[in-house]
Amino acid sequence: MEFLERIQLGVMESRVSRRTVLLGAGVGMLSGLLAACGSGDDDDDDDGPTTGGDATEPAEATSGTGADASPEVPSGDAEGEPVQGGTLKFGNYDEPPIMDPRVSGATTAWRLFYCLFDPLVFQDIETGDFLPGLANAWEISDDGLVYSFDLKEGVKFHDGTDFNAEAIKFTYDSILDPELKSLAAIGYLGPYKETVVVDDLTAEVHFNDPYAPFLNNLSHSVLSPVSPTAVELHGADFGFNPVGTGPFIFQEWQQQTMMRFTRNPDYQWGGGVYTHEGPAHLDELIVNFITEPTTLMGTLRNGESDVINAVPAQEVAGLQDDDDFQIMLPDVPGSPQVLPMNAVKPPTDDLKVRQAIIQAIDMETIIDTMWYGTRRAAQGPLSSPTWSYNPAVETMYPYDPEAAGALLDEAGWTMGSGNVRQKDGQKLHVTYITTAGSNGQAGELVQAYLLQAGFEVDLQILEYAATATLMLAGEHNIARIYFSHTDPVVTTTLYHSRNIQGTNFNRTMKEDPELDRMLEEATAEMDREKRKTMYEDIQQYIMDQALIIPLWEETVLWGARANVKGMHFQPLGGTWWHDVWLEQ
Amino acid sequence: MLQYIRTRLLLTIPVLLGVSLVTFSILHLIPGDPARILLGDMGGGSAAGDISDEAYENLREELGLNDPYPVQYGNYLKNALTGDFGRSFQTNRDVRDSIFEVLPYTLQLTITGLGFAILFGGILGIIAALNRNTWIDSLTMIFSLFGLAMPSFWLGFILIQFFALRWTIFPSTGTEGWRTLVLPALTLGLVASGTVARLVRSTMLEVLNQEYVTVARSKGLRERAVILRHALRNALIPVVTIVGLQFGGLLSGAVIIETVFARRGLGRLAADAVLSRDFPMVQGTILFAAFGYVLINLLVDLSYAWLDPRIKYR
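Below you will find a few notes about this structure. (Residues numbered from 1 in each chain as written. Chains lettered and ligands numbered in written order. Predicted model: local features only at pLDDT ≥ 70, side-chain atom pairs only at ≥ 80, totals over all residues. Heavy atoms only, no water.)

Moving on, we come to the packing of aromatic side chains. Counting across every chain of the model gives 30 aromatic pairs over all chains. Between A:Phe122 and A:Trp576, the ring centres sit 5.6 Å apart and the planes meet at 70 degrees, which makes this aromatic pair edge-to-face. With A:Phe122 in strand E2 (residues 121–123) and A:Trp576 in the loop between strand E21 (564–565) and strand E22 (581–582), this pair connects stretches of sequence that are 454 residues apart. Across the pair, exposure class does not vary: A:Phe122 and A:Trp576 are buried alike. With centroids separated by 6.1 Å and ring planes inclined at 90 degrees, the aromatic side chains of A:Tyr172 and A:Tyr192 adopt a geometry described as edge-to-face. One end of the pair, A:Tyr172, is in helix H4 (residues 165–176); the other, A:Tyr192, is in strand E6 (residues 192–199), with 20 residues separating them in the sequence. For A:Tyr192, a relative accessible area of 6% corresponds to the buried category. Site record: aromatic cluster; members linked through ring pairs are A:Phe90, A:Trp558, A:Phe569 and A:Trp577. Over the face of the ring belonging to A:Trp371 we find A:Arg375, whose NZ or CZ atom lies 4.6 Å from the ring centre. Here the guanidinium or amino end of B:Arg93 rests over the ring plane of A:Phe240, the centre of that ring lying 4.2 Å away. (Phe/Tyr/Trp six-rings, centres within 6.5 Å; stacked < 30°, edge-to-face > 60°. Helix = DSSP H or I, 4+ residues; strand = E, 2+ residues; numbered from the N terminus. Buried < 20%, exposed > 50% of the residue type's maximum accessible area, 1.4 Å probe, protein only. Lys NZ or Arg CZ within 6 Å of the ring centre and 35° of its normal.)

Once that is clear, we can look at the side chain of A:Arg102. Here A:Arg102 is to be found in the loop between strand E1 (87–92) and helix H3 (107–116). Those residues in contact with A:Arg102 that lie beyond four places of it in its chain are A:Phe170, A:Thr171, A:Ser174, A:Ile175, A:Leu180, A:Ser182, A:Leu183, A:Ala185, A:Val222, A:Val226, A:Val231 and A:Phe238. (Contact = heavy atoms within 4.5 Å.)

With that settled, consider the nonpolar core. Residues and elements named next belong to chain A. Residues Leu120, Tyr172, Phe214, Phe261 and Trp577 are the most contacted members of the largest nonpolar core, which totals 79 residues. Counting residues per element, this core draws most heavily on H3, which supplies seven residues. Look past the residues within four positions of Phe214 in its chain and what remains in contact with it is Tyr147, Phe149, Tyr172, Tyr188, Leu189, Val205, Phe207 and Leu223. Ala313, Leu450, Phe505 and Ile538 belong to the second largest nonpolar core, which has 60 residues in total. (Core = buried A, V, L, I, M, F, W, Y, C linked by side-chain atoms within 4.5 Å.)

Attention now goes to the pattern of salt bridges. Residues and elements named next belong to chain A. Following the criterion strictly, the structure yields 25 salt bridges over all chains and no others. The partner of Arg301 in a salt bridge is Glu315, with the nearest N and O atoms 3.1 Å apart. A residue pair is termed long-range when its members are at least 10 positions apart, and Arg301 in helix H8 (residues 293–301) and Glu315 in the loop between strand E11 (307–308) and helix H9 (316–320) qualify at 14 residues. Taking the relative accessible area as the measure of exposure, Arg301 reaches 32% and is therefore partly exposed. (Salt bridge = Lys/Arg side-chain N within 4 Å of Asp/Glu carboxyl O.)

It is worth spelling out the side chain of A:His276 at this point. Residues and elements named next belong to chain A. Tracing the backbone through its elements, the reader meets His276 in the loop between strand E9 (258–263) and strand E10 (284–289). Overall, His276 belongs to the buried group, its relative accessible area being 15%. A distance of 2.9 Å separates a polar side-chain atom of His276 from the backbone oxygen of Pro279. At a separation of 2.6 Å, a polar atom in the side chain of His276 contacts the side chain of Asp579. Once residues lying within four places of it in the same chain are set aside, the contact partners of His276 are His281, His578 and Asp579. (Polar contact = N/O pair within 3.5 Å; in protein donor to acceptor, adjacent residues only side chain to side chain.)

Residue and element names in this part refer to chain A. The three strands lie next to each other as E14-E15-E16, forming an open sheet whose pairing is antiparallel. Since the sheet does not close on itself, it has two edges, and those belong to strand E14 (414–415) and strand E16 (426–427), each with one partner. In this sheet, E16 lies alongside strand E15 (residues 421–423) in antiparallel orientation, the contact comprising two bridges. Across the sheet, Gln422 pairs through a bridge with Lys427, a residue of E16. (Pairing = 2+ DSSP bridges.)

A surface patch of negative charge is lined by A:Glu139, A:Asp150, A:Glu153, A:Glu166, A:Asp199 and A:Asp200. The class for A:Glu166 is partly exposed, based on a relative accessible area of 45%. (Patch = residues over 30% accessible without salt bridge, like charges linked within 9 Å, V, L, I, M, F, W, Y side chains within 5 Å. Areas by Shrake-Rupley, 256 points an atom, 1.4 Å probe, with all protein chains shown as cover. Lys, Arg positive; Asp, Glu negative; His and termini not counted. Charge placed at Lys NZ, Arg CZ, Asp CG, Glu CD.)

A separate point is the pairing of strand E5 (residues 146–151) of chain A. Across a regular strand the side chains alternate sides, sitting on one face of the sheet and then on the other. All names here are of chain A. The element E5 is extensively covered by neighbouring structure, given that five of its six residues are classed as buried. One ladder, built from five bridges, connects strand E4 (residues 135–140) with E5; its direction is antiparallel. The partner of Ala135 across the bridge, within E5, is Leu151. Hairpin connection, E4 to E5: the antiparallel pair is bridged by five residues, and Gly144 has positive phi, about 75 degrees.

Coordinates in, geometry out; function isn't part of it.
Printed below as a string of structure tokens:
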């Protein structure tokens, strides 16, 4: 009966049941409507999607890692001579909405863009250094307003047209066009003013304000040049007929099922982080979209997939011990999973209460429990692999229920009846809004600790869209957010007061001119060492203010069959497919 | 007959109008701003670098979300009447193209599933009826109870565990080729066969007690002919009704099945659209499903005339 137990485990512990229930609810609405307007049949599906899960939450957010698992980046030497050829089947937990780098805001698309498009520069995740991509060299003016790029010669788009400075200008200008509805690239352009075509192979990008993170942003696939000819040809459908300069050529996309790329035989310009020159090793890369974690895992076991990128947590240890498989766990920099606290709504408007909340929760134990003792508990607003991470935050708020109690006493919240603290006849009540899945699980565990500390907790686990509305309205005391990023500028996104309304990525809700100033200065500082110090101060400041409860640092759980070689990883956890090969 | 069909088809227009209005209202009543979701951290926690309020407002404008509701609904109806269902917020793809692309796969799945349901349900029902009140009857009815009670995703995983992992007979995922269809259709069919089996049993029992069956028997007809030609055909009418209605249920069941087996289909399209508040896609998929449902009901009604010559439509 072992398999039954495993299935039950899968049903209970992964998001299987929730997702399925949720999908059922979604269609419940559909069939409910049909019942209402059709012939009055006996359809007894449940009511509409008023509650439920965050089904499009990234799958890695629900997966754990092996205990002693560290990112294993195999070197080409140890694996023998790469073999050309073969078709690799990649089981991807999610499907990109659209394959236009200028438009898409989904990480799952970003990771695949590197197959079809090349960035101007690459970033080495180990050192943080920038390496040549489509640009051979670059220069930044002293005032930080102009970036000038020397472009590689002889680079061609998949449609045979030349890559040149004009293509860069075209790409960036088109991102600003509101009709394109750019979701991410437009943010990555920062205070972009214009691109000046100096000559065919020299382009200057001008900004309205000094913009330090631009090289970092360029290394993201979303600012990769697209073929102007193809954009004109396909118009709004370019995202389904993407044409770039990358190591693979787009062949087909069957919605909801698969995408197929073939090797670009003319690819000679790679460079950057790639371990080999010339065309990709694989003849063909087939990306299958399998959103159900249990099913995805099954395809790796029975050979329907050679590689998958969301191994369920409970399967990791087993695969690590199995010679037929390999497990690789690249960390994701940026903001970890955090719970921002509303600093303008009582009782979390009181610094002492916020500090008490962090100290009342044994986060190490929670994360160990949720991720089978594998994933790291986060400590501050940046995850530890992020450049400029400040380790000083780690010792600020150790788990200490007594200290938490003392802080609450100081703040005037004394223990009342029913183990609920009170002040002036008011109960110590917090509203905690989060999404289902792993965040919901974390919510239940956090809630247990807060109850012990004398809080009354209203934990609301809702689907993403519903949480977003409530958080914008400031209904929460405790919210959630997670943003991966390769630059500490992500703190501007999450803590600058201009992001309280509009995007509402700042869910601390507090306008803090001091913090705004620090963030703005760090964004404009061109000196890397100075900038590092500034971000260390920012991390310290955010934790001094106790604006967040750090949860856990994200890791992508890659599983592959043993004959897959040469896998190494993009800064945000994707694979550089250009270097991957199959042992025959 | 033709007149009857024409009237029924005309009646679908108010039904579809009602469906679209209700869908539209629900979509705007439930919380969730599509623009914020597009920009948000839902798609993988890594969207915008730093999106300005201006970009957010532009996006709302481009998506047409700043217009008053009646204007939005009016625009939608006007375009829908010309066959333009808009473009998906999420993928920017033409909604009608997206639906037509996946529709055949959902039809394939539900029709095959229905086939399995009728086959298993029919056989079980007849066996149970013929062995009324024996242990065979109890056993088949317990089995059908299992079918009714089993969550389809659970059954799906069981089938994958055996037929795709333990013995790799069928693939667990995919859409191309008949082999990928077997497990999902079986899951759908087994779950639906419970209802069919119970219904076939009860109507068969009723019919078997009718005088014409006794007459058929007294004429010395073989039992096989009595059961299949005289009893079964008359037992079919209520069964057809239920099977027709089940088709709607199967359509919603397909959502879960499509996710478990990573198949393309209408249900998945609709469910994903609901979660991301992809208004045009939700409207489009629901309208198509509603239209299909109305059509099936019409076909069921028409089939009565074929099954029972006493029924005539005017």
